[in-house]
Amino acid sequence: MLVLLAGIFVVHIATVIMLFVSTIANVWMVGTSNFGTASWGLWLLCNKTCQQLTVSSSDEASLKAAQAFMILSIIFSVIALVMFIVQLFTLEKGKRFYITGAIMLVCWMCILIGVSIYTARFTGRMLMFTQPHHGYCFILAWICFCFSFIISILYLVLRKK
């Protein structure tokens with residue numbers, strides 16, 4: 001049981017780190033232009049230098065929503081990690097980690113909404129670049145989506161022994 005708890009804890013920490021990286025770094029999409037390889041993400045458009053990502057006025061709300069949901073997912077993941085540690089030391093034997101599992105499900109939902117908005121509104125929309133493809137941050141966000149769902153289900157099923 002201790003090994004299982006330690007494994008879940010390590011995967012949870014890895015998920016938090018990957019969420020930070022995928023939200024902060026600006027490599028959600030990568031493409032080539034006349035000036036070389038360019039990448040863009042939630043915040044910046046980077047070629048040789050980085051500048052703020054400019055989108056049309058109709059897409060600005062979608063970008064802000066994707067940014068907000070990714071930030072919320074980080075917040076809920078960190079809160080769930082703290083709650084797991086608190087419940088680990090205060091929960092009676094035989095009880096389940098319901099609060100931690102519920103918070104991780106909210107984190108999972110925030111990741112789903114944020115990445116889905118970005119996918120629907122911004123994937124393939126940068127027409128000034130040729131051969132656009134997904135960058136590592138976009139892939140990390142989907143990996144975090146899977147990990148957070150698995151972790152939340154394990155928290156809901158797991159009992160303290």
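Above this text sits the structure in question.
Residues numbered from 1 in each chain as written. Predicted model: local features only at pLDDT ≥ 70, side-chain atom pairs only at ≥ 80, totals over all residues. Heavy atoms only, no water.

**A few points about the packing of helix α1 (residues 2–24) against helix α2 (residues 57–90)**
Packed helix pairs are characterised by how far apart their axes lie and by the angle those axes make with each other. One way to put it is that α1 packs onto α2 with a least axis distance of 10 Å and a crossing angle of 160 degrees. Our classification of the angle between α1 and α2 gives roughly antiparallel. α2 is crossed by α1, and the crossing has left-handed handedness. For the pair α1 and α2, the contacting residues are Leu5, Phe9, His12, Ile13, Val16, Leu19, Phe20, Ser22 and Thr23 in the first and Met70, Ile71, Ser73, Ile74, Ser77, Val78, Ala80, Leu81, Phe84, Ile85 and Leu88 in the second. Taken together, the residues that form the contact of α1 with α2 break down as 15 nonpolar, 5 polar and no charged. (Axes fitted to C-alpha atoms, helices over the stretch in contact; angles between N-to-C directions. Helix = DSSP H or I, 4+ residues; strand = E, 2+ residues; numbered from the N terminus. Parallel < 35°, antiparallel > 145°, perpendicular 65-115°, else oblique. Left-handed = near helix turned anticlockwise from the far one by under 90°. Contact = heavy atoms within 4.5 Å. Nonpolar A, V, L, I, M, F, W, Y, C, P; charged D, E, K, R; others polar.)

**Describing the side chain of Gln87**
In this structure, Gln87 sits in helix α2. Under the relative-accessibility criterion, Gln87 is labelled buried at 6%. Of the polar contacts made by the side chain of Gln87, one reaches the side chain of Thr100; its length is 2.6 Å. (Buried < 20%, exposed > 50% of the residue type's maximum accessible area, 1.4 Å probe, protein only. Polar contact = N/O pair within 3.5 Å; in protein donor to acceptor, adjacent residues only side chain to side chain.)

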